[in-house]
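# Breakdown of the fold
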Amino acid sequence: MSNISIKIKGFDSQEFPKGITPLQIMNDIKGVPKDTIICKVDGQLTDLSSNLNKNCELQFMDAKSKDGHSVLLHSTAHLMAQAVKRLFPKTKVTIGPFLENRFYYDFDVNSPFTEDDLLEIENEMMKISEENLEISHQEKSRNEALAFFEKIDESYKVEIINDLDKDETLKVYSQGEFTDLCRGPHVHSTGQIKHFKILSSSAAYWRGDEKNQTLQRVYGTSFQNSKDLKKYLQMLEEQKKRDHRKIGKELDLFFFDDEVGPGLPLWTPSGTVLIDELEALAKEKETANGYLRVRTPHLTKGDLFSKSGHLDHYMSSMFSPMDVDGIDYYMKPMNCPYHHKIFANTPKSYRDLPYRISEYGTCYRYEKSGELFGLMRVRSMQMNDGHIYCTAEQFKEEFINVCNLYMEYFKIFGIEKYEMRLSLHDPEGLGDKFIDNPTLWKKTEEDVRNALKGANLKFVESVGDAAFYGPKIDVQVWSSIGREFTLATNQVDFAIPERFDLTYTDKDGSAKTPLCIHRAPLGTHERFIGFLIEHFGGNFPLWLAPKQITILPVSDKFNDYAQQITTDLRTMGLRVSLDNRSEKIGSKIRDAEMQKINIMVIVGEKEVENKTVTVRRRFIKEQKEMSLNDFSNEILTEIKERRVSN
RNA sequence: GCCUGCGUAGCUCAGUAGGUAGAGCACUUCGUUGGUAACGAAGAGGUCACCGGUUCAAUCCCGGUCGUAGGCUCCA
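Residues numbered from 1 in each chain as written. Chains lettered and ligands numbered in written order. Predicted model: local features only at pLDDT ≥ 70, side-chain atom pairs only at ≥ 80, totals over all residues. Heavy atoms only, no water.

### Section: the overall build of chain A
Looking only at helices and strands, chain A features 19 helices and 34 strands. If one aligns the C-alpha atoms of chain A with their principal axes, the spans along those axes are about 90 × 75 × 55 Å. The 646 residues of chain A split such that 51% are buried. Partitioning the intrachain contacts of chain A with sequence separation of at least 6 by distance along the chain shows that 68% fall at a separation of at least 24. Chain A carries 87 positive and 99 negative side-chain charges, and their two centres are separated by 3 Å. (Helix = DSSP H or I, 4+ residues; strand = E, 2+ residues; numbered from the N terminus. Buried < 20%, exposed > 50% of the residue type's maximum accessible area, 1.4 Å probe, protein only. Contact = heavy atoms within 4.5 Å. Lys, Arg positive; Asp, Glu negative; His and termini not counted. Charge placed at Lys NZ, Arg CZ, Asp CG, Glu CD.)

### Notes on the nonpolar core
With 73 residues, the main nonpolar core has Phe 399, Phe 413, Ile 549, Ile 551 and Phe 631 as its most contacted residues. Among the elements that make up this core, the one with the highest residue count is helix α12 (residues 392-413) (11 residues). When neighbours within four sequence positions are excluded, Ile 551 is seen to be in contact with Ala 562, Ile 565, Thr 566, Leu 569, Val 576, Ser 577, Leu 578, Asp 579, Val 601 and Val 603. Judged by nonpolar contacts, the second largest core, of 33 residues, contains Phe 103, Cys 182, Ile 193 and Phe 196. (Core = buried A, V, L, I, M, F, W, Y, C linked by side-chain atoms within 4.5 Å.)

### A short note on the state of the cysteines
In the structure shown here, the tally under the stated rule is zero disulfides. Here Cys 363 stays free of any disulfide, with the sulfur of Cys 336 as its closest cysteine sulfur at 8.1 Å. (Disulfide = S-S within 2.5 Å.)

### A few points about the side chain of Glu 398
When you line up the elements, Glu 398 lands in helix α12. According to the relative accessible area criterion, Glu 398 is buried, its value standing at 5%. Discounting chain neighbours no more than four positions away, the residues touching Glu 398 are Pro 354, Arg 356, Ile 388, Cys 390 and Ile 517.

### Overview of the side chain of His 244
Structurally, the position occupied by His 244 is in helix α7 (residues 244-250). For His 244, a relative accessible area of 0% corresponds to the buried category. Reaching out from His 244, the side chain makes a polar contact with the backbone nitrogen of Leu 375 at a distance of 2.8 Å. Side-chain polar atoms of His 244 contact the side chain of Glu 534, separated by 2.9 Å. When sequence neighbours within four positions are dropped, the list of residues in contact with His 244 reads Phe 254, Phe 373, Gly 374, Leu 375, Met 376, Gly 530, Ile 533 and Glu 534. (Polar contact = N/O pair within 3.5 Å; in protein donor to acceptor, adjacent residues only side chain to side chain.)

### Here's the deal with the environment of Ile 25
Looking at where Ile 25 falls in the secondary structure, it is placed in helix α1 (residues 22-28). On the basis of relative accessibility, which here comes to 0%, the residue Ile 25 falls in the buried class. Discounting chain neighbours no more than four positions away, the residues touching Ile 25 are Ile 6, Ile 8, Phe 16, Ile 20, Leu 52, Leu 58 and Phe 60.

### Quick look at the packing of aromatic side chains
Describing an aromatic ring pair means giving the distance of the ring centres and the angle of the ring planes. For the structure shown, the criterion picks out 25 aromatic pairs. Taking 5.0 Å as the distance between ring centres and 85 degrees as the angle between the ring planes, the aromatic pair formed by Phe 148 and Phe 149 counts as edge-to-face. Phe 149 sits in the buried class, given a relative accessible area of 1%. Aromatic side chains Phe 254 and Phe 256 sit 6.1 Å apart centroid to centroid with 80 degrees between the ring planes, which places their arrangement in the edge-to-face category. (Phe/Tyr/Trp six-rings, centres within 6.5 Å; stacked < 30°, edge-to-face > 60°.)

### Structural notes on unusual backbone geometry
The amide bond that connects Leu 353 to the next residue, Pro 354, takes the cis arrangement and shows omega of -5 degrees. Structurally, Pro 354 is set in the loop between α11 (336-345) and β19 (355-359). At Arg 207, a position not held by glycine, the phi torsion is positive, near 60 degrees. By the secondary structure assignment, Arg 207 is in the loop between β11 (195-205) and β12 (214-223).

### With respect to the pattern of salt bridges
Counted according to the given criterion, the structure contains 43 salt bridges. Ionic pairing is found between Lys 85 and Glu 154, a salt bridge with its closest N-O pair at 2.8 Å. Residue Lys 85 is located in helix α2 (residues 66-87), and its partner Glu 154 is located in the loop between α4 (142-151) and α5 (155-163); the two are separated by 69 residues in the primary sequence. Note that Asp 591 is salt-bridged to Arg 581, the shortest N-O span being 2.7 Å. Of this pair, Asp 591 sits in helix α17 (residues 585-594) while Arg 581 sits in the loop between β31 (576-578) and α17; the two residues are 10 residues apart in sequence, bridging distant segments of the chain. The exposure class assigned to Arg 581 is partly exposed, which follows from its relative accessible area of 36%. (Salt bridge = Lys/Arg side-chain N within 4 Å of Asp/Glu carboxyl O.)

### Quick notes on the protein's contact with RNA strand B
In the vicinity of RNA strand B lie 55 residues, with Tyr 205, Ser 369, Arg 377, Thr 486 and Ser 555 positioned nearest. Here the atoms of RNA strand B within 4 Å of the protein split so that 47% fall in sugar or phosphate, with bases taking the remainder. A distance of 2.8 Å separates a phosphate oxygen of RNA strand B from a polar atom in the side chain of Lys 472. Measuring from a base nitrogen of RNA strand B, one finds a side-chain N or O atom of Glu 593 at 3.1 Å. Where the surface near RNA strand B is concerned, the elements lending two or more residues are β11, β12, α7, α17, α18 (605-610) and β33 (613-617). Looking at which element gives the most residues to the surface near RNA strand B, the answer is α17, with six residues. Broken down by class, the residue content of the surface near RNA strand B amounts to 14 nonpolar, 16 polar and 25 charged. (Near = heavy atom within 4 Å. Nonpolar A, V, L, I, M, F, W, Y, C, P; charged D, E, K, R; others polar.)

### Quick look at the sheet that holds β31
The strands making up a sheet associate through hydrogen bonds between their backbones, and the pairing can be parallel or antiparallel. With respect to topology, five strands assemble into an open sheet ordered β31-β30-β32-β33-β34, the strand pairing being mixed. Single-partner strands in this sheet number two, and they are β31 and β34 (624-626). Within this sheet the neighbouring strands show an average axis-to-axis angle of 30 degrees, counted without direction. On the sheet, α17 packs against β30 (549-553), β32 (599-603) and β33 and is oriented at approximately 170 degrees with respect to β30. (Pairing = 2+ DSSP bridges. Axes fitted to C-alpha atoms, helices over the stretch in contact; angles between N-to-C directions.)

### Quick word on the layout of surface pockets
The volume enclosed by the second largest pocket comes to roughly 590 Å³. Around the second largest pocket, the lining is made up of 23 residues, and of these Ile 160, Leu 181, Cys 182, Arg 183 and Gly 184 lie nearest the centre. At the level of secondary structure, the elements contributing two or more residues to the lining of the second largest pocket comprise α2, α5, β9 (170-175) and β10 (178-181). When grouped by side-chain class, the residues that make up the lining of the second largest pocket number 10 nonpolar, six polar and seven charged. (1 Å grid on protein atoms, 1.4 Å probe; cavity = no way out; pocket = protein on both sides within 12 Å on 5 of 7 lines; lining within 4 Å. Points joined across faces, edges and corners; volume = space filled by probe spheres on them.)

### Considering the pairing of β9
Counted residue by residue, β9 has five buried out of six residues, so it is predominantly covered. Here strand β8 (residues 135-140) pairs with β9 via six bridges, running antiparallel. What sits directly across from Lys 140, in β9, is Leu 170. Direction of pairing for β9 relative to β10: antiparallel, over a ladder of four bridges.

### Structural notes on helix α6 (residues 226-241)
Given a rise of 1.5 Å per residue, 16 residues ought to cover 22 Å, and the 23 Å separating the end C-alpha atoms of α6 matches this to within 8%. Within the sequence span of α6, burial applies to Asp 228, Leu 229 and Tyr 232. Along the axis of α6, the buried residues cluster in a sector spanning 105 degrees; they form a single face. Across from the buried face of α6, at angles greater than 90 degrees, the exposed residues are Lys 227, Lys 230 and Lys 231. On its buried face, α6 sits against β11 and β12. (Expected span 1.5 Å × (residues − 1). Arc of directions from axis to C-beta.)

Okay, here's the thing in structure tokens:
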């Protein structure tokens, strides 16, 4: 038998007999870490029980690495499936992939799992782990695999095999009595999976299609050691504390009311401050960038939305029409048709372009009840909307300027983790979800792609997520509880200007159709604020904070002085409250902390005598006694600069 | 919209094997006049989400509706 040469990472090259497995090598040589669960052969994740037949590079890996962790998660999903099959033998298994730090497995069961079921499953998993079953794999021909899964009545696996490429070699993994179709790789024994937890269960559709069978999805997580598991679970708890729905209630920012309706937020005085500040910021930036502000109605005849294509492509997201004098009127789901009307209202020449208009118009969209989610998904939403009408030559610069505006905003808020996504059409949806003009789709998508590349902006592409009238750049962010949302969007419209007969007179006197860029750099104010609440965990920077300052007299004796300070600061435009209850100063401070008020101003005998104030800022322990003038100058500057940290 | 869980005072939550409910915080009043994260006492507060059914009797059991949570689908 011939030998092969294997370069093991962290060791010298060695000769081994052909066909040896990494597992055997682990046992042969000293010093391979005990935590090894998987390996890479020439950079490819490979089962430890695979035979090595040629010279190669071998790297042993534990679950601390991202790749290693993904294998552990995946193997834990299998472990869970085995436990479910033991406890509920009639269950049919489907798929069980890994996600970042989590995994799930979808099961077809007669009745959904209860919480007790989940506990039992977890216990059974523990048992299987203790049994330390070897996980082996085998290659099977398509027919063998089909016969096997038909015999054990795993119809979903049969369906999966039937959909696979005919030439694909199939692998099955076995551990004890449980065998599953899987690409692998996996850890080599169930005993290597020890530190896991079932997180939740819910429903999911087979293959993500709502017309298909409803499956039960069980989510779980798994780590190399108990410390990492505990850390992850703690992080999940911490994330929950930042949930904008929770903080929104604690800080009394917004709420929903049964009698008003789901998805229709009511903004309290505190929450309204956030919106007002956001709007003030946007108005300032837009004025500087040459935008003109407009206002349009919330309600409109259906004809307008026929013309714009909304009734053909967007009706399922619109509220039902109402009859007004025998004519159908709709609540507006977007502002664009009105902006087009405003463009067309007076003749335009090339000298008027780019023509930039903006409006924070409230739109109404029918979101299915189960899709509503705090402020992140609502039915009445204020768009940070605007439209730019420009020539083809101006397109690139205008488009990139909008992208730059996003980044400027993100910088102001200190948002660092985001992803730009070029959302393209899916040819299969032409005519239905998307306007049927394949040539223009292609051209526009290419233009946008080139503009982004030309500006050196990093982006990913996503097919099928375009608007019905054109491709988009969406900026994706992740909320504190891990959900992904589109925060900002920038869309190109190649179709609608023509439908609205929008023209401008070019240099040569001919009438031309402008391009239209839809842009919403702050998305909707509801979602943006929902995101900001989580981003800051309710600890807003001073310029944004609903409650900037509270005045705390040490005792009732100093209430007059405190009242004077309050009035003075309010006159300067600051948001100031006065806590003149007959409480001890410690209690007033505690209450101010709970309300996350940025600055506490304490006044007592000393301050009255010296005509000063004592300033206590959140997160800064030491207090400073200063004149009111120095204090107000300092914070007015901080607010003017919109400083994120103090 | 779909599946499952949940809905008790303003908030966070107890509770009742079916006999119309309780705590802490918040609120109001009184006492206290205090120096950097909870001063003390008293009071007020709820058709137990809503509508039906079973029962002598329903907050509790059953059905429906609405809302909400976790997901799926969808989306700014």
